[in-house]
Amino acid sequence: MKLLSPLIALFQAVFLVLWLVFWITVSGLAAILTLNGEVPLMMARRFWAPIHWRITGSPLRVEPLPDVDWSKPHIFLMNHQSAFDIPVAFAVIPVNIRFIAKHVLKWIPFLGWYMAGTGMIFLNRSNRREAMRSLKLAGERIRAGSNILAFPEGTRSMDGRILPFKKGSFVLAVEAGVPIIPIAIEGTRGMLPRGSIRLRRHPIRVKVGQPISTAGRKGPQREALMHEVRDIIIQLHRDIGGEGGVPQDALTSGGDENLSETPA
């Protein structure tokens, strides 16, 4: 098996790339034929995403979803462990979602085309003016009815514990005036560790929390909202067997507008 492991890893990686290209092509054609930009996102949820854990035989357990009016827009905030967090989120969240991505991803063939065509928000972290413009665009799309997924840690956790949060996603949520739905994920780091391309069989668990209102949470209350949401995600994480978060005194103010890290 040790001799076969590199070949298996190569097969899985090539298969997932071809799977991505296939569904981007099919969903793009479907969007053109139906004149509906939501179709590619629906196809990602139902067809593209589930293969990512099934290819390894990894079981996915989702705790019962809370009572939420899914017809209204929300911002979903999720802890970040692996590149596979995105396909899991696509499959678990019962509505179409868009996310904030590194601006360099829009230049990648197929992936960048799909992301641009489905209204994903590209964020240039090195240019504050462009970053703020991206935040404004994201707010406009949320108010128009879009759901946004963000990873407020700004990077993947190395040890699985939840890192300090950055302010960007909370600025966006308060300005857009939509509720935050916290989500905890555990197990994707074991399935695909950071810096590795070898997939492993590992249980994945997800728990979605109750919506948190952002009404009137401007100024100092926005910072309190950030800590409140982080505490809730830490508790959700522990509920599904995670280790929770780094110690409270390790928190920083998180003063930039980073919203998520999307794996290339």
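Residues numbered from 1 in each chain as written. Predicted model: local features only at pLDDT ≥ 70, side-chain atom pairs only at ≥ 80, totals over all residues. Heavy atoms only, no water.

Draft legend 1. Quick look at the packing of helix α7 (residues 168-176) against helix α9 (residues 220-239). At their nearest, the axes of α7 and α9 sit 10 Å apart, and the two run at 115° to each other. The way α7 lies across α9 gives a crossing that is right-handed. Note on element contacts: α9 touches α7 through R222, L225, M226 and V229, opposite F170, V171 and V174. Class assignment of the residues belonging to the contact of α7 with α9 gives a composition of six nonpolar, no polar and one charged. (Axes fitted to C-alpha atoms, helices over the stretch in contact; angles between N-to-C directions. Helix = DSSP H or I, 4+ residues; strand = E, 2+ residues; numbered from the N terminus. Left-handed = near helix turned anticlockwise from the far one by under 90°. Contact = heavy atoms within 4.5 Å. Nonpolar A, V, L, I, M, F, W, Y, C, P; charged D, E, K, R; others polar.)

Draft legend 2. Inspection of a nonpolar patch on the surface at higher detail. Taken together, the side chains of L10, V14 and L18 make up a nonpolar region of the molecular surface, amounting to roughly 280 Å² of accessible area. Checked against the element boundaries, L18 lands in helix α1 (residues 5-34). On the accessibility criterion, L18 (54% relative accessible area) is exposed. (Patch = residues over 30% accessible without salt bridge, like charges linked within 9 Å, V, L, I, M, F, W, Y side chains within 5 Å. Areas by Shrake-Rupley, 256 points an atom, 1.4 Å probe, with all protein chains shown as cover. Salt bridge = Lys/Arg side-chain N within 4 Å of Asp/Glu carboxyl O. Buried < 20%, exposed > 50% of the residue type's maximum accessible area, 1.4 Å probe, protein only.)

Draft legend 3. Region of the structure containing the side chain of D85. If you trace the backbone, D85 turns up in helix α4 (residues 85-92). Among buried charged residues, D85 stands out as having no salt bridge; its nearest opposite-charge side chain is R156, 7.0 Å away. Of note is the side chain of D85, whose polar atom sits 2.5 Å from the side chain of T188. Sequence-distant contacts of D85, that is, excluding residues within four places in its chain, are made with M78, N79, H80, F151, I185 and T188. (Lys, Arg positive; Asp, Glu negative; His and termini not counted. Polar contact = N/O pair within 3.5 Å; in protein donor to acceptor, adjacent residues only side chain to side chain.)

Draft legend 4. Looking closely at the sheet that holds strand β7 (residues 204-208). Strands sit in the order β1-β7-β6-β2-β5-β3-β4 across an open sheet of seven strands; the sheet is mixed. Two strands bound the open sheet, and with one partner strand each, they are β1 (60-62) and β4 (121-123). The average undirected angle you get between the axes of adjacent strands in this sheet is 25°. Bridge analysis of strand β3 (residues 98-102) against strand β5 (residues 148-150) gives two bridges, and the strand direction is parallel. Paired with R98 across the bridge in β5 is I148. (Pairing = 2+ DSSP bridges.)

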